[in-house]
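If you want the building blocks of each chain, they are given just below.
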Amino acid sequence: QRKAELTVEKLYEGILNHEIPMLSSAITMIESTLDSDRVKSEALIKRCLPHTGQSIRIGITGVPGVGKSTFIECFGQLLVNAGRKVAILAIDPSSGTSGGSILGDKTRMEQLSQMKHVFIRPSAAGDTLGGVARKTRESIFLCEAAGFDTVLVETVGVGQSETLVHSMVDFFLLLMLSGAGDELQGIKRGIMEMADALVITKADGDNIKKANLARREYQNAMHLFPPKKNGWTPKALTCSSMANTNMELIWEAITSFENQTKINGHFFSDRKEQDKYWLRETLNEHILRSFYANEELLHQLRQLDNAVIEGKETSFSAAEKLYTLYIQQLSNGNI
Ligand code: GDP
């Protein structure tokens, strides 16, 4: 009810005033599937855009159990103690079906979540992973407008979601376990190639030796990858969130990445490339939505489903018919 009273103007002012409840409400609005909310969200994002872009956006991924939450709890505190304002968002590849699980349990970041200048937001639920990701990207903008200078985007390392996170962050951090092969961890080579830093977690106690060994192996493997266009040489590091070791080293890697790519121009040109990517993603989503929101098209789709099953129509000719119908609906102004 309260949300209904919030105009774009009020949300905008609240966000620029760094009011966290306003930021929360605005993100809830972005996540809403109501058409009226979507119109308001677009207006709000447009207004906020001139106040965005000043943060460092860091993607964090790794298989379940690698220690992402524990890492963010520890690393986040280092950042806050260094005077940074930290927003933590998540993209959950399972959220399309199950309604979100990562970051859902805030108690996993018990100390961090109670600190000032920290904003933690679990993954949005949504129909498509692409849609959830787009909303997360829009949330990044709102967090920046609300004064956050460091944005961490967490995702579970299972495939497509990394690519989406990679396309919205400046620095991509891959957490890995020692002693379990890449195959076992389900980490594909392509994902390792995207990483700007690969960090072996849980380097404490009996694990230290194994972690250092793994670090060297990965460092060597990474030399074989094609060099990055932005000139950055990815780092392989170890850390322990339990023993709180090497957190500074990781932050140093990120800041030196930022310095280096800001000097050579890639920091902002890479963001421009991301804008192009999201232009296409958003366009694709609009087109899909316009198709599936049309009753006549849905009706014909179901009819043609049956025709295909009965062998009266090939999938190709059915698709062709639907496309022609789509164009007709468009030109008749029904879409
Ligand atoms: P996530 O699923 O990637 O978010 O992983 P969690 O942060 O929930 O951690 C998974 C398990 O690993 C938990 O039982 C943690 O206590 C443990 N863990 C996380 N970080 C460390 C670490 O630095 N050292 C050790 N020994 N255990 C850790």
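Residues numbered from 1 in each chain as written. Predicted model: local features only at pLDDT ≥ 70, side-chain atom pairs only at ≥ 80, totals over all residues.

## Here's the deal with the overall build of the protein
And step 1. The helix and strand tally for the protein stands at 15 helices and 7 strands.
And step 2. For 335 residues, the compact-globule formula gives about 20 Å, and the C-alpha radius of gyration of the protein, at 22 Å, lands near that figure.
And step 3. Relative to its full complement of 335 residues, the protein shows a buried share of 37%.
And step 4. Taking all contacts inside the protein whose residues are at least 6 apart in sequence as the whole, residues at least 24 apart take part in 73%. (Helix = DSSP H or I, 4+ residues; strand = E, 2+ residues; numbered from the N terminus. Rg over C-alpha atoms; globule rule 2.2 N^0.38 Å. Buried ≥ 20, exposed ≤ 12 C-beta atoms within 10 Å, placed from the backbone. Contact = placed C-beta atoms within 7 Å.)

## A look at the nonpolar core
And step 1. In terms of nonpolar packing, the biggest core is built from 72 residues, with Ile15, Ala26 and Leu142 touching the most fellow members.
And step 2. Broken down by element, this core gets its largest block of residues, 8 residues, from helix H8 (residues 129-145).
And step 3. Viewed by domain, this core spans two of them, domain 1 (1-51) and domain 2 (53-264), each represented by three or more residues.
And step 4. Here Ile15 is in contact with Met22, Leu23, Ala26, Cys48, Leu142, Ala145 and Ala146, once residues within four sequence places are set aside. (Core = buried A, V, L, I, M, F, W, Y, C linked by C-beta atoms within 7 Å. Domains from an automatic or database assignment.)

## Concerning the environment of Pro50
And step 1. As for its position among the elements, Pro50 is in the loop between helix H4 (35-48) and strand S1 (56-62).
And step 2. Judged by C-beta crowding, with 8 C-beta atoms within 10 Å, Pro50 ranks as exposed.
And step 3. Residues Pro50 and Ala145 lie 95 residues apart in sequence; the distance between their C-alpha atoms is 8.3 Å.

## Let's talk about helix H11 (residues 208-223)
Helical geometry: 3.6 residues make up each α-helical turn, so side chains three or four residues apart lie on a common side.
And step 1. If you check H11, its first and last C-alpha atoms are 23 Å apart, about what 16 residues at 1.5 Å a residue would give, namely 22 Å.
And step 2. Burial in H11 covers these residues: Ala211, Ala214, Arg215 and Tyr218. Burial along H11 is one-sided: seen end-on, the buried residues are contained in an arc of 110°. Exposed side chains of H11 directed beyond 90 degrees from the buried face belong to Lys209, Arg216, Asn220 and His223. (Expected span 1.5 Å × (residues − 1). Arc of directions from axis to C-beta.)

## A word on the sheet that holds strand S3 (residues 118-120)
And step 1. Taking strand neighbours across the sheet as the criterion, the 7 strands line up as S3-S2-S4-S1-S5-S6-S7 in an open arrangement whose pairing is parallel. Here the strands that pair on one side only, and so sit at the sheet edges, are S3 and strand S7 (235-238). The mean angle between the axes of side-by-side strands here comes to 20°, regardless of whether they run parallel or antiparallel.
And step 2. Direction of pairing for strand S6 (residues 197-200) relative to S7: parallel, over a ladder of 4 bridges. Residue pairing across strands places Val199 opposite Leu237, the latter belonging to S7.
And step 3. Where helix H5 (residues 68-81) meets the sheet, its contacts fall on S1, strand S2 (86-91), S3, strand S4 (150-156) and strand S5 (171-176), and the angle it forms with S2 comes to roughly 160°.
And step 4. Running at roughly 160° to S7, helix H12 (residues 247-263) makes contact with S1, S5, S6 and S7 of the sheet. (Pairing = 2+ DSSP bridges. Axes fitted to C-alpha atoms, helices over the stretch in contact; angles between N-to-C directions.)

It is worth stressing that arrangement in space is one thing and function is another; only the former is reported here.
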